[in-house]
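# Coordinate inspection notes
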Amino acid sequence: FKSHSLVLNEEQLACGFVEVPAKVRMEEAERVGTELLKRGTSEGLPSDMSGLEESVKRLQRMVDTVSEYVDGVCAGRIEPNSEVGRKLAATLDAVPRLGSEGFDKLYTDSMQDVLLSQYLSKLVSAQLALAEKLVPDTTEDKPKP
């Protein structure tokens, strides 16, 4: 919102707020978090597999929508739109050409990275908990001023 002065006879009477048009852009992780907040559930964040499953379902819906559009254009039911065609071509060009083996390797490597990060974070947490138990708290021994 932007403030806007309401003036009558060169005397400011009040201050109003005018809505400024804005467009929200977010990354995939932010979108997932926003959707969880909109639902109002406190079940926690989705696991890696449930997040992947939801993403694949959403991708399948998008592919179905595009497929229906292309089929309609090819059958003559829908008038072709050159701008939509260019955007579809640019989107398809951005997708890497991977076979099933390449995709499996990429997914496995990514999953191993995630599992390693989780393992290291739990290891550090355990190390900190152990250090807290072994090292005495020296702040209690100091005299108060």
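Description of the structure in this document.

Cut-offs and rules
Residues numbered from 1 in each chain as written. Predicted model: local features only at pLDDT ≥ 70, side-chain atom pairs only at ≥ 80, totals over all residues. Heavy atoms only, no water. Helix = DSSP H or I, 4+ residues; strand = E, 2+ residues; numbered from the N terminus. Buried < 20%, exposed > 50% of the residue type's maximum accessible area, 1.4 Å probe, protein only. Contact = heavy atoms within 4.5 Å. Areas by Shrake-Rupley, 256 points an atom, 1.4 Å probe, with all protein chains shown as cover. Pairing = 2+ DSSP bridges. Phe/Tyr/Trp six-rings, centres within 6.5 Å; stacked < 30°, edge-to-face > 60°.

### What about the overall build of the protein chain?
Each helix and strand counted, the protein chain has four helices and two strands in total. Scanning the protein chain from its N terminus toward the C terminus, one meets helices and strands in the order β-β-α-α-α-α. Across the 145 residues of the protein chain, 4% fall into the buried class. In the protein chain, the proportion of contacts linking residues at least 24 apart, taken out of those at least 6 apart, comes to 18%. Of the accessible surface of the protein chain, which amounts to about 13,500 Å², a share of 59% is contributed by carbon and sulfur atoms.

### A closer look at the side chain of Arg58
With respect to the element layout, Arg58 can be found in helix α2 (residues 48-75). Judged by its relative accessible area of 17%, Arg58 is buried. Apart from residues no more than four positions distant in its own chain, Arg58 is found in contact with Glu28 and Arg31.

### With respect to unusual backbone geometry
With phi around 55°, Asn9 is a residue other than glycine that occupies positive phi space. Counting through the fold element by element, Asn9 comes out in the loop between β1 (2-8) and β2 (11-18). Positive phi, normally seen in glycine, also occurs at Glu10, with a value near 60°. Inspection of the secondary structure assignment puts Glu10 in the loop between β1 and β2. Note on Glu10: relative accessible area 82%, which makes it exposed.

### Notes on the pairing of β1
Relative to β2, β1 runs antiparallel, the two sharing seven bridges. Across the sheet, Ser3 pairs through a bridge with Phe17, a residue of β2.

### Some thoughts on the packing of aromatic side chains
In the structure shown here, the tally under the stated rule is one aromatic pair. Ring centres of Phe103 and Tyr107 lie 6.5 Å apart, and the angle between their planes is 15°; this geometry places the pair in the stacked category. With Phe103 and Tyr107 both in helix α4 (residues 100-134) and four residues apart, the pair spans about one turn of that helix. Residue classification places Phe103 among the partly exposed positions, given a relative accessible area of 49%.

Nothing here speaks to function; it is all geometry.
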